[in-house]
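Residue-level structural notes
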Amino acid sequence: MPHSRLTTNPLAELSAVPEGLTATVPRQLVHRASVAETLITGGAGTDADRFTVFAQWPRAHQLHVSPDRTAYEPLLAAETVRQAGTLVAHTAYEVPLGHKFVLKELRITTRPEHLAVGAVPAEPVVHIAVSDVDLRGGRPAGFRFDTEIRLGGERVATGHVAATWTSEAVYRRLRGGRTATGVSALPLPPGLPPAEVDRVLPADVVLAPTGNPDRWRLRVDTAHAVFFDHPLDHVPGMLLLEAVRQAVRAHNGRRAPVSFHTVFHQYAELDRPTWIEILDKPGAHDTDVQVVGQQGESTVFECAVAMGKW
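Reference entry: report on the structure contained in this document. Keep in mind that what you see is a predicted model, and the values were worked out from it rather than measured. (Residues numbered from 1 in each chain as written. Predicted model: local features only at pLDDT ≥ 70, side-chain atom pairs only at ≥ 80, totals over all residues. Heavy atoms only, no water.)

Thoughts on helix H1 (residues 74-92)
Cut-off, in case you're wondering: Counting from the N terminus, the helices are the DSSP runs of H or I reaching at least four residues and the strands are the DSSP runs of E reaching at least two. The span you would expect from a helix comes to 1.5 Å times its residue count less one. When a residue's accessible area, from a 1.4 Å probe over protein chains only, is under 20% of the maximum for its type it is buried; when over 50% it is exposed; and in between it is partly exposed.
Helix length check: H1, at 19 residues, gives a terminal C-alpha distance of 27 Å against a target of 27 Å (1.5 Å per residue), a fit within 8%. Counting buried residues in H1 gives 18 out of 19 residues, a clear majority hidden from the surface.

Topic: the packing of aromatic side chains
Where two aromatic rings form a pair, the distance of their centres and the angle of their planes describe that pair. What counts is decided by this rule: The pairing test for Phe, Tyr and Trp rings, Trp by its six-membered ring, is centres within 6.5 Å, and the orientation test on the planes gives stacked under 30 degrees, edge-to-face over 60, and tilted for anything in between.
Applying the stated criterion to the full structure yields 8 aromatic pairs. When the centroid spacing of 5.3 Å and the interplanar angle of 80° are considered together, the rings of Phe 143 and Phe 145 count as edge-to-face. Like Phe 143, the residue Phe 145 is buried in the burial classification. Feature note: the residues Phe 51, Tyr 93, Phe 101, Phe 143, Phe 145 and Trp 165 constitute an aromatic cluster, connected by ring pairs.

Observations concerning unusual backbone geometry
Its identity is not glycine, yet His 31 carries a phi of approximately 60°, on the positive side. By the secondary structure assignment, His 31 is in the segment before strand E1 (40-47). Of note, Asp 49 is a non-glycine position whose phi angle comes to about 60°, a positive value. Locating Asp 49 in the fold gives a position in the loop between E1 and strand E2 (50-55).

Concerning the side chain of Gln 246
So the rule is basically this: For the purposes of these results, a polar contact is taken to be a pair of N or O atoms within 3.5 Å, where, inside protein, one atom must be able to donate a hydrogen and its partner to accept one; residues adjacent in sequence count only when each atom of the pair is a side-chain atom. Throughout, a residue-residue contact means that at least one pair of heavy atoms, one from each residue, lies within 4.5 Å.
Position of Gln 246 among the secondary structure elements: in helix H3 (residues 237-252). Residue classification places Gln 246 among the buried residues on the basis of a relative accessible area of 0%. A distance of 2.8 Å separates the side chain of Gln 246 from the side chain of Glu 242, its partner in a polar contact. Excluding its chain neighbours within four sequence positions, the residues that come into contact with Gln 246 are Val 197, Arg 199, Asp 204, Val 205, Val 206 and Leu 207.

Laid out in structure tokens, this is it:
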């Protein structure tokens, strides 16, 4: 069922902005509370279930730019794809702003040789092709989409996302009454040395040692301004992906992740310990490492990571 129009589209207002001027889209459309964390600047439908979304990447960022400020991190591409898909869901598929999104799968593959930080903020273009729209009661309730990110004419990343959404009332029933104000994260255990996971600030370290060099406990700091841009009742997917990134760094030294294929099985609860483990079982698609997240006996997510060397 095609949905090529951007109905009741707030982005249409951007057409009146004088040429050469850029602003971010309303932050609510990409599920961000902070304008500073809003990467998307505009977008338009180009064909049935085809869209072009525009973004801007800052030259410095607490997490998404390398500590020496020379390169964009692959997870910046992942966050850009997430925001672009959220924008399209709200503007083109008429998903109400109050609905809750569930990320089911995320694949991102980057080309680090094209991710250098330049003299001005980068302005990537995200091409989106939506497929497999899940209809319930005649209305979209989820979709899959493929993306290609281009920067200066070069393809710098590709991605694939599967997501669903539901009303606030249904979400609360699914969560059994759990709310951001009613659930507290566990106390933070001491983290790994920042340099071991290619970070500068101790506050950005999301892994705590366990005595096993391939297993860590997740550090969930709900005061972190990027991971918890707004209150949540669960551990956000981008924090779990950062845990994967740091686990690979701790395990492999200077070898850096260049692609992530993550399948999310269930929510990671704030009030239960989450364990991050490298299985080191190479699989398909040139995968070098398999990382899993577990709570108790349940697997929260699985992530296949391919690595390069920066």
